[in-house]
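Here is how the chains run, residue by residue.
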Amino acid sequence: MTHTVLVTGVSRHIGARVASVLAADPDIDRVIGVDTVPPPSLSRDGGVPLGRTEFVRVDLRSPDIAQVIAAADIDTVVHMSLVSAPPRSGGRALMKEHNVIGTMQLLGACQRSATVRRVVVRSTTAVYGSSPHDPAVFTEDTEPGEPPGHGYAKDASEVEGYVRGFARRRADVVVSMLRFANFMGPGIDSPLTRYFTQPVVPTVLGFDPRLQFIHEDDAVEVLRRMALENHPGTFNVAGDGVLLLSQCAHRAGLPSLPIPSPAFRFMGDLVRGAGLGGFSSEQIRLMRYGRVVDTTRLVSALGWRPTFSTAAAFEDFVRARDLAGGLPSAMMDLLSQTVEQAMKR
């Protein structure tokens, strides 16, 4: 049986790696990679080599995606295009359009296609939220204690709703939804990995949350398997075990700075406003309450478990990064000023 696979989000690291590994598979005839900008490997900026992946520049919010699917007789779609942080231009509004409207257009095109037989969607464990009412461990059927009401987590929740609707309307299509823990590894650049590249790790006073990670190599392997095999349903994806935030700081050789919760939130707003990164509301809640998921369903379905545990994934990230560099002086000054202001409140 021939396979023609469409991979969205190939300008980002994990999307490019998924397209690359699928393109290297001799049982796959064609891999079409789509995104709004060319992958770094095509613009001489380095990045992951895409092999024989055919890149098509298309915005998922446009009806043009349906033409791409129809013209190439796509039978498998791997949707990797959800973004976890607002772009520098366009902000949160553009992020929501890309995540939610883009997914709606893609699923609409898949629904009208006569050739699509398998759809794999990257989601996130952030859909469970982080709250003091959470269970010790989330399974795929657990309802969140406090459903996410904003940001990336809310986008992912809406995307999952549209995916479930598509699965009902196209019962002949195998739909796999993967809720990934935070990606970790040498090539990952995310709000969380940037958090651990600071010389001082701010923490919420009185909290030491449990965290889970999935190594980028294991994430790519899960996506590869799902693109080639039929595993309908929703699956949590995380490395075995957990790490406390304090253990992460210790293993990274970083001093931590406990800050009262109002100051942590206030600091995140100021740092973000200064254009120096900052902490989203989702990250602040994660830094207070953490989140742990059960992966029994994934292991049972695939007969495979991630090679890297949560601890091993984090250690590989630490080894690959130089964590000794200092923060920009503007951020350090802002950090000190924010703590002083919050303490006076």
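Residues numbered from 1 in each chain as written. Predicted model: local features only at pLDDT ≥ 70, side-chain atom pairs only at ≥ 80, totals over all residues. Heavy atoms only, no water.

Let's talk about the overall build of the protein
Per the secondary structure count, the protein includes 12 helices and 13 strands. Residue pairs at least 24 apart in sequence account for 79% of intrachain contacts in the protein once pairs closer than 6 positions are excluded. (Helix = DSSP H or I, 4+ residues; strand = E, 2+ residues; numbered from the N terminus. Contact = heavy atoms within 4.5 Å.)

Some points on empty space enclosed by the protein
Applying the stated criterion across every chain yields a total of two cavities of 30 Å³ or more. Of the voids in this model, the largest cavity is the one considered here, and its volume is about 60 Å³. Around the largest cavity sit Thr 125, Ala 181, Asn 182, Leu 211, Gln 212, Leu 286, Arg 291 and Val 293, which together line it. Tallied by class, residues from the lining of the largest cavity come to four nonpolar, three polar and one charged. Computed from the structure, the second largest cavity encloses a volume of approximately 40 Å³. Class assignment of the residues belonging to the lining of the second largest cavity gives a composition of three nonpolar, five polar and one charged. (1 Å grid on protein atoms, 1.4 Å probe; cavity = no way out; pocket = protein on both sides within 12 Å on 5 of 7 lines; lining within 4 Å. Points joined across faces, edges and corners; volume = space filled by probe spheres on them. Nonpolar A, V, L, I, M, F, W, Y, C, P; charged D, E, K, R; others polar.)

Some words on the sheet that holds strand E5 (residues 118-124)
Spatial ordering of the open sheet is given by E3-E2-E1-E4-E5-E6-E11, a layout of seven strands whose pairing is parallel. Taken across any chain shown, the strands that pair with only one partner, and hence form the sheet edges, are strand E3 (54-57) and strand E11 (233-237). Geometrically, the sheet is characterised by an average inter-axis angle of 20° between neighbouring strands, direction not taken into account. Packing against the sheet, helix H1 (residues 13-23) makes contact with strand E1 (4-8), strand E2 (30-35) and strand E4 (76-79), and its axis sits at approximately 165° to E1. Of the strands in this sheet, E1, E4 and E5 touch helix H3 (residues 91-112), which is tilted by about 170° from E4. (Pairing = 2+ DSSP bridges. Axes fitted to C-alpha atoms, helices over the stretch in contact; angles between N-to-C directions.)

A look at the environment of Val 242
Within the secondary structure, Val 242 is located in the loop between E11 and strand E12 (243-244). Residue Val 242 is classed as partly exposed on the basis of its relative accessible area of 35%. For the pair Val 242 and Pro 209, spaced 33 residues apart in sequence, the C-alpha separation works out to 9.8 Å. What Val 242 contacts, discounting residues up to four positions off in sequence, is Arg 210, Leu 211, Gln 212, Gln 247, Val 292 and Thr 310. (Buried < 20%, exposed > 50% of the residue type's maximum accessible area, 1.4 Å probe, protein only.)

Some thoughts on H1
Given 3.6 residues to a turn, an α-helix orients residues that are three or four positions apart in the same direction. Of the residues making up H1, those classed as buried are Ile 14, Gly 15, Ala 16, Val 18, Ala 19, Leu 22 and Ala 23. For H1, the secondary structure elements touched by its buried residues are E1, E2, E4, strand E7 (182-184) and helix H6 (216-228).

Concerning the pairing of E4
Note on strand geometry: in a regular strand, side chains alternate between the two faces of the sheet. Alternating residues of E4 divide into Thr 76 and Val 78 and Val 77 and His 79, and every residue in both groups is buried. Inspection of the sheet shows E1 paired to E4 by three bridges, in the parallel sense. By the bridge assignment for E4, Leu 6 is matched with Val 77. Here four bridges tie E4 to E5, and the two strands are oriented parallel to one another.

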